[in-house]
Amino acid sequence: MSEQYVKAIEEVLSKVEQNIITFEKQFPHTSNDEVYELNPNDNWTDGFWVGILWQAYEYSGNLLFRHSAEEKTNQMINRLDENRDLDTHDIGFLYTPSTGAKWQLEKDIEAKSETIAAADRLMQRYREHIGIIQAWGPPNDPEQGGRIIIDCLMNMPLLFWASEVTNDNKYREAAIAFEDIARRYLVRGDDSTYHTFYFDQETGQPVRGATQQGYSDGSTWTRGQAWAIYGFALAYRYTKNPLYLETSLRTAKYFINQLPDNLIAHWDFDAPLDKNIKPDSSASAIAACGFHELLDWLDKNSKEYKLIYSTLINSMDTLISEYATEEGAQGFIDHGSYSVREGKSPDDYVIWGDYFYLEALLRLETNKRGYWYETN
């Protein structure tokens, strides 16, 4: 088994090396005809490429990867210092795998201070009177002002981390408020999830669940379900609140019970099962990391542990054998989807899929955990 993971990791590193040359100073987002569309560091996904570079360096010790990771991290620092294109909840996606990774690997003081500054930027989206992190739009926006999104569960580790390193509880309090709101309103009674939820931004009263990228407002967008598995497991690691562990486990079991025979999620669990159904390999890569994180807290003799472990191993086997790309490809795994509903890269390479695929491989082969919390 280990040989399989080592081979898969080495194939990824070969692609990373080529992509460094191809991407130059740009950042990959999603692909078109198997070629990544690049941006000048103005997208919510740009931290994932930096995280890939840091993971590649951490695993291999190759100074080429370190040099490129340093360059890209400096670009992320400039973006933060200039406050460019940061009107988003995705600050954790941008800075945990970039400046946060540099701090963890190199104990660089500037990287630490910039990561704290990123947490401060995320705190600007905290609406304390109703306990939410606003997903999109400016404060008091009539459409977006009271809206949360399930993806934001993965931005909370930035706040938990900032609270630990600064001894300032405000970050932790905001993260816990959001986790509690998300657990209560984004997770449905049957353990499926809404993609987004609206609240009255004046009173905080719940309004309705909805979707942005799923099949319908009441459907289960699989990447959102994967964010829930991983996000609540990480929240449990930081807080030891058993309700977060329970929620991670519940959403994991729902995810597993809805999977097709090959164990790779479709883009939405409620989309029509016809010949045009699209997979989302990125949802399964994210879920794999969440499964691995969850296993730390389960009894190895329990049915839940055995179910999650077997799904993790078997789904990764499928990703490696059927979804990993050929030599020379830019993406690491194919058949990811950005937004089938909106016709945005519905069956393509997606950089977050590449990131979490590599993280899952490194978790299984080396027990490295990405950069969502410090392990040393």
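Computed from a prediction, not measured in an experiment: that's the story for all the values here.

Caption draft 1: Just the overall build of the chain, in detail. Secondary structure summary: the chain contains 13 helices and 7 strands in total. Overall, the C-alpha framework of the chain stretches about 55 × 50 × 45 Å when taken along its three principal axes. The buried share among the 376 residues of the chain stands at 61%. Looking at the chain as shown, the accessible area adds up to about 14,600 Å², and 44% of this sits on carbon and sulfur atoms.

Caption draft 2: Looking closely at the pattern of salt bridges. Under the criterion given, the structure shown has 22 salt bridges. Ionic pairing is found between Arg-237 and Glu-293, a salt bridge with its closest N-O pair at 2.5 Å. Of the two residues, Arg-237 sits in helix H9 (residues 222–239) while Glu-293 sits in helix H11 (residues 281–295), which places them 56 residues apart along the sequence. For Glu-293, a relative accessible area of 0% puts it in the buried group.

Caption draft 3: Fine view of H11. The end-to-end C-alpha separation of H11 is 21 Å, in line with the 21 Å expected for 15 residues at 1.5 Å each. For H11, a buried count of 15 out of 15 residues is recorded, marking the element as mostly surrounded by other parts of the structure.

Caption draft 4: Examining the packing of aromatic side chains more closely. This model, assessed by the stated rule, comprises 32 aromatic pairs. Here Trp-227 and Phe-356 contribute two aromatic rings whose centre-to-centre distance is 5.7 Å and whose plane-to-plane angle is 70°, an arrangement assigned as edge-to-face. With Trp-227 in helix H9 and Phe-356 in helix H13 (residues 351–366), the pair connects residues that are 129 residues apart, well separated along the chain. Look at Trp-227 and you get buried, because its relative accessible area is 0%. Their ring planes at 90° and their centres at 4.9 Å tell us that Tyr-355 and Phe-356 sit as a pair that is edge-to-face. Judged by its relative accessible area of 0%, Tyr-355 is buried.

Caption draft 5: Representation of the environment of Gln-144 in the model. Positionally, Gln-144 belongs in the loop between strand S4 (132–133) and strand S5 (147–149). Residues Gln-144 and Phe-199, 55 residues apart in the sequence, show an inter-C-alpha distance of 9.5 Å. Apart from residues lying up to four places away in sequence, Gln-144 is in contact with Gln-134, Trp-136 and Gly-137.

Caption draft 6: View of the environment of Glu-322. As for its position among the elements, Glu-322 is in helix H12 (residues 303–323). Overall, Glu-322 belongs to the exposed group, its relative accessible area being 55%. As for Glu-322 and Asp-334, which are separated by 12 residues in sequence, their C-alpha atoms are 9.0 Å apart.

Caption draft 7: Seen up close, the packing of helix H5 (residues 99–106) against helix H6 (residues 109–123). It is at 8 Å that the axes of H5 and H6 come closest, and there the two elements cross at 145°. Both H5 and H6 take part in a crossing whose hand is left-handed. Mapping the contact onto sequence places Thr-99, Gly-100, Lys-102 and Trp-103 in H5 and Ile-109, Ala-111, Lys-112, Glu-114 and Thr-115 in H6.

Caption draft 8: Representation of the layout of surface pockets within the structure. Each pocket or cavity is described by its volume, and for the largest pocket that value is around 340 Å³. Residue composition of the lining of the largest pocket, by class: 6 nonpolar, 5 polar and 9 charged.

Caption draft 9: The sheet that holds strand S7 (residues 206–210), seen in detail. Strand order in the open sheet made by the 3 strands is S5-S6-S7, with antiparallel pairing throughout. Of all the strands in the sheet, just S5 and S7 have a single pairing partner and so form its edges. Ignoring strand direction, the axes of neighbouring strands in this sheet form an average angle of 20°. Bridging between S5 and strand S6 (residues 196–199) involves 3 bridges; their strand directions are antiparallel. Bridging across to S6, Ile-148 finds its partner in Phe-197.

Basis of the calculations
Residues numbered from 1 in each chain as written. Predicted model: local features only at pLDDT ≥ 70, side-chain atom pairs only at ≥ 80, totals over all residues. Heavy atoms only, no water. Helix = DSSP H or I, 4+ residues; strand = E, 2+ residues; numbered from the N terminus. Buried < 20%, exposed > 50% of the residue type's maximum accessible area, 1.4 Å probe, protein only. Areas by Shrake-Rupley, 256 points an atom, 1.4 Å probe, with all protein chains shown as cover. Salt bridge = Lys/Arg side-chain N within 4 Å of Asp/Glu carboxyl O. Expected span 1.5 Å × (residues − 1). Phe/Tyr/Trp six-rings, centres within 6.5 Å; stacked < 30°, edge-to-face > 60°. Contact = heavy atoms within 4.5 Å. Axes fitted to C-alpha atoms, helices over the stretch in contact; angles between N-to-C directions. Left-handed = near helix turned anticlockwise from the far one by under 90°. 1 Å grid on protein atoms, 1.4 Å probe; cavity = no way out; pocket = protein on both sides within 12 Å on 5 of 7 lines; lining within 4 Å. Points joined across faces, edges and corners; volume = space filled by probe spheres on them. Nonpolar A, V, L, I, M, F, W, Y, C, P; charged D, E, K, R; others polar. Pairing = 2+ DSSP bridges.

Purely spatial values, then, with no claim about function.
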